[in-house]
Amino acid sequence: MRHFLKYWLPLLIWVGVIFLGSTDLMSAEHTSRFIVPFLRWLKPDISPETLASIHFILRKCAHVGEYAVLGLLLLRAATLMANFKRSIPIRYLSVLGVCLLVAVTDEFHQTFVSSRGASATDVMMDSVGSIVGLLIGAAFARRRSIKLGNATAAR
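As a starting point, this report considers the structure included with it. Because the structure is a prediction, the values reported are computed rather than measured. (Residues numbered from 1 in each chain as written. Predicted model: local features only at pLDDT ≥ 70, side-chain atom pairs only at ≥ 80, totals over all residues. Heavy atoms only, no water.)

**Digging into the overall build of the chain**
Consideration 1: Within the chain, the secondary structure is distributed over five helices and zero strands.
Consideration 2: Looking at the 155 residues of the chain, the share that counts as buried comes to 31%.
Consideration 3: Surface exposure of the chain reaches about 10,000 Å², of which carbon and sulfur atoms provide 71%.
Consideration 4: When the 17 basic and 9 acidic side-chain charges of the chain are each reduced to a single mean position, those positions are 22 Å apart. (Helix = DSSP H or I, 4+ residues; strand = E, 2+ residues; numbered from the N terminus. Buried < 20%, exposed > 50% of the residue type's maximum accessible area, 1.4 Å probe, protein only. Areas by Shrake-Rupley, 256 points an atom, 1.4 Å probe, with all protein chains shown as cover. Lys, Arg positive; Asp, Glu negative; His and termini not counted. Charge placed at Lys NZ, Arg CZ, Asp CG, Glu CD.)

Quick look at the structure:
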């Protein structure tokens, strides 16, 4: 139970956050209510076209960020599972596959929300985010193995 709470509960909570974000609560109409005033505060003479572009880019960056976190959390849980001692490439491909499944499911969920819609572009951004998360995870794993190797060599 302790392993579940430590490794899987944060992942499940994050998936919940992702699905909450695909509701009307985080639709473009609602996010523009706080992003646009903030941008106007930063630059009062900003054009409506620039505002729309920045808002669009920020929303796509949010996809990358949330799925990078998902990839990291899922990689962490999969790596520390006692019964998932597969080869490293299989583990990373499995994590990427699950992230893509979550992305597709999330977009499917949005088809039922009147203010949202499914988008293949969003799935692509989500997969880019997942890959970024996996690359960050791989960098940390490499750094950790180098430190462990140096500690073993020093003995």
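**Topic: the state of the cysteines**
Consideration 1: The full count for this structure, using the stated rule, is zero disulfides.
Consideration 2: For the unlinked cysteine Cys-61, the closest cysteine sulfur is that of Cys-99, found at 18 Å. (Disulfide = S-S within 2.5 Å.)

**A look at the nonpolar core**
Consideration 1: By size, the foremost hydrophobic cluster in this structure holds 17 residues, and its most contacted members are Tyr-67, Leu-70, Val-95 and Leu-134.
Consideration 2: Not counting chain neighbours up to four residues away, the residues in contact with Leu-134 comprise Gly-71, Leu-75, Tyr-92, Val-95 and Leu-96. (Core = buried A, V, L, I, M, F, W, Y, C linked by side-chain atoms within 4.5 Å. Contact = heavy atoms within 4.5 Å.)

**Quick notes on the packing of aromatic side chains**
Aromatic ring pairs are reported here in terms of the distance separating the ring centres and the angle at which the planes meet.
Consideration 1: With the rule as written, the count across this model stands at two aromatic pairs.
Consideration 2: With 5.0 Å between their ring centres and 85 degrees between their planes, Phe-108 and Phe-112 make a pair best called edge-to-face.
Consideration 3: Owing to a relative accessible area of 61%, Phe-112 belongs among the exposed residues under this scheme. (Phe/Tyr/Trp six-rings, centres within 6.5 Å; stacked < 30°, edge-to-face > 60°.)

**Here we look at the pattern of salt bridges**
Consideration 1: Applying the stated criterion across every chain, the model contains three salt bridges.
Consideration 2: Between Arg-33 and Glu-29 there is a salt bridge whose closest N-O contact spans 3.1 Å. Here the residue Arg-33 and the residue Glu-29 both occupy positions in helix 2 (residues 28–42), the gap between them amounting to four residues, near one helical turn.
Consideration 3: Classification of Arg-33 by relative accessible area gives exposed; the value is 52%.
Consideration 4: Among the salt bridges present, the one from Asp-45 reaches Lys-43, with a minimum N-O distance of 3.0 Å.
Consideration 5: The class of Asp-45 is exposed, set by a relative accessible area of 59%. (Salt bridge = Lys/Arg side-chain N within 4 Å of Asp/Glu carboxyl O.)

**Here's the deal with the environment of Met-26**
Consideration 1: Topologically, Met-26 is positioned in the loop between helix 1 (2–21) and helix 2.
Consideration 2: Sequence-wise, Met-26 and Glu-66 are 40 residues apart; in three dimensions their C-alpha atoms are separated by 13 Å.
Consideration 3: Not counting residues up to four positions away in its chain, the partners in contact with Met-26 are Gly-21, Thr-31, Arg-59 and Arg-116.

**What to know about the environment of Val-69**
Consideration 1: With respect to the secondary-structure elements, Val-69 resides in helix 3 (residues 48–80).
Consideration 2: In sequence terms Val-69 and Ser-130 are 61 residues apart; their C-alpha atoms lie 7.7 Å from each other.

**Topic: helix 2**
Consideration 1: Compared with the 21 Å implied by 1.5 Å per residue over 15 residues, the 20 Å span of helix 2 between its first and last C-alpha is a close match.
Consideration 2: Considering bend angle alone, the principal kink of helix 2 is centred on Phe-34 and spans about 30 degrees; proline Pro-37 follows within four residues of it.
Consideration 3: All of the buried residues along helix 2 are Thr-31, Ile-35 and Leu-39.
Consideration 4: Taken together, the buried residues of helix 2 touch helix 3. (Expected span 1.5 Å × (residues − 1). Bend = angle between axes of the 7 residues up to and from the residue.)

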